[in-house]
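Coordinates in review
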Amino acid sequence: MSLDLQVGVSLRDINTFGVDVETMMMAQIDSLDDLPELFTAIDEIGMDWLPLGEGSNVLFVDDYDGIVVRARLRGIEWLGDQDGWARVRAGAAENWHRLVEWTLDNGLRGLENLALIPGSVGAAPVQNIGAYGVELDRYVAAVEAWDTRQRRLVRLAPEDCGFGYRDSRFKREPQRWLVAAVELDLPREAETVTHYAGVREEIASRGGDPADPRAVFEAVCALRRRKLPDPAQTGNAGSFFKNPLVPELQYAQLRDHFPDMPAWPQDDAGHVKLSAAWLIEQAGLKGYRQGAAGISDRHALVLVNHGGASGRDLWALACQVRDTVEARFGVRLEPEPRIVAAG
Ligand code: NAP
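Summarised in this report is the structure supplied together with it. Note that this is a predicted model, so its numbers are computed, not measured. (Residues numbered from 1 in each chain as written. Predicted model: local features only at pLDDT ≥ 70, side-chain atom pairs only at ≥ 80, totals over all residues. Heavy atoms only, no water.)

For any pair of aromatic rings, the description consists of the separation of the ring centres together with the inter-plane angle of the planes. Using the criterion set out here, one finds 10 aromatic pairs in the structure. Geometrically, the ring pair formed by Phe39 and Trp49 is edge-to-face, given 5.1 Å between the ring centres and 80° between the ring planes. Here Trp49 lies in strand S3 (residues 49-51) and Phe39 lies in helix H1 (residues 35-45), a separation of 10 residues in the sequence. The class of Trp49 is buried, set by a relative accessible area of 4%. Measuring from centroid to centroid gives 6.5 Å for Phe258 and Trp278, while their planes differ by 80°, and the two rings are edge-to-face. Here Phe258 is found in the loop between helix H7 (248-257) and strand S15 (263-265), whereas its partner Trp278 is found in helix H8 (residues 276-282), with 20 residues between them in sequence. In terms of burial, Phe258 and Trp278 fall into one category: buried. (Phe/Tyr/Trp six-rings, centres within 6.5 Å; stacked < 30°, edge-to-face > 60°. Helix = DSSP H or I, 4+ residues; strand = E, 2+ residues; numbered from the N terminus. Buried < 20%, exposed > 50% of the residue type's maximum accessible area, 1.4 Å probe, protein only.)

Before going further, it helps to examine the site of the ligand. Around the ligand there are 18 residues in total, and Tyr196, Lys227, Asn243, Lys273 and His299 lie nearest to it. Measuring from an oxygen atom of the ligand, one finds a backbone N or O atom of Ser239 at 3.2 Å. Interatomic distance of 2.6 Å between a side-chain N/O atom of Lys273 and an oxygen atom of the ligand. Computed on the free molecule, the ligand has an accessible area of 790 Å², of which 84% lies beneath the protein chains in the complex. Elements that contribute at least two residues to the shell around the ligand include exactly strand S8 (130-131), helix H6 (213-227) and strand S13 (235-239). Shared between two domains, the shell around the ligand holds at least three residues of each, these being domain 2 (76-187) and domain 3 (235-340). (Near = heavy atom within 4 Å. Polar contact = N/O pair within 3.5 Å; in protein donor to acceptor, adjacent residues only side chain to side chain. Areas by Shrake-Rupley, 256 points an atom, 1.4 Å probe, with all protein chains shown as cover. Domains from an automatic or database assignment.)

The 4 strands lie next to each other as S13-S19-S18-S17, forming an open sheet whose pairing is antiparallel. Edge positions in the open sheet fall to S13 and strand S17 (289-290), since each of these has one partner strand only. Here 2 bridges tie S17 to strand S18 (residues 293-295), and the two strands are oriented antiparallel to one another. Across the sheet, residue Arg289 finds its bridge partner in S18, namely Gly294. With respect to the sheet, helix H9 (residues 311-329) is in contact with S17, S18 and strand S19 (302-305), its orientation differing from that of S18 by roughly 35°. (Pairing = 2+ DSSP bridges. Contact = heavy atoms within 4.5 Å. Axes fitted to C-alpha atoms, helices over the stretch in contact; angles between N-to-C directions.)

Here you go:
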């Protein structure tokens, strides 16, 4: 038995905002075999629970009145090769960026655009992480997760994961799923994706070949390091707001007023993606500070803790940004990270 249950645990070092909060309880496991015991204990205690990996996609507004679950399920395995594709399985607690490096080191392509996204493998399908024109769901073969309804470990095919733009059923159905592992199908040969602004320029400036996934990886790492504040120095959770998807008609009306507004029509007809960073910057909030809570002066999408901000301070500023953007553009921004607030 290796279920480790503790009471009154500080989360300050396991959320990248560095917010000083406590969880009522913390449960940690090291193996898939511990899952039944973990969820029996959670049922007996009768409190809400919350999975926590590296804490890079969560804002704790208050202390957590429940059980934080840390599933320390590790391991990266090669499951097989077929027709130029390899299947790889990674445990939820593996670091995402380390997995990206591992795949490239082993001659597999596809994940290079997703380099340096903070967080664990288990968080990746929850958010359906994406960057520079690639989203995780393109490569998911299956997600293994504990289903609290069926009380067993299930293996979900991609079509059963409800993936959307920074969205999935794991995100929409909290309290139901604990992601245990992700299986990916990755190609040995595939065209790189380099159409996002800055990527080709960055590759060229480094003397790289845009068809080489390693060159794309290096470029994405350099771009991210330059543009985004390092959570080890300034608390943050990467992009705080999702890019809003608005109906075409609303976009046409906005474009009449703001002809420079960046926008990208979506494949699923009828919607246009706007840049949340542009909206925030135009609202004059890039670099704005309210005490120790701020909007990064490097990237308007990043909410930052300059030191000592509470979860309430950060959330108050996020709400102010959301309301200011809505008053100016009629577009309501939604947070990308999970917001954990009391009652
Ligand atoms: P950027 O190039 O300044 O562009 C701003 C936004 O416009 C991005 O969020 C991106 O949406 C969208 N965009 C840009 N070019 C596009 C294109 N050719 N087609 C469709 N949409 C396009 O973006 P950035 O903030 O520096 O970020 C670059 C990439 O890194 C983006 O993909 C972004 O999502 C990703 N990123 C992720 C995080 C995170 O924590 N999750 C943090 C920072 C950046 P998308 O976001 O939909 O790609």
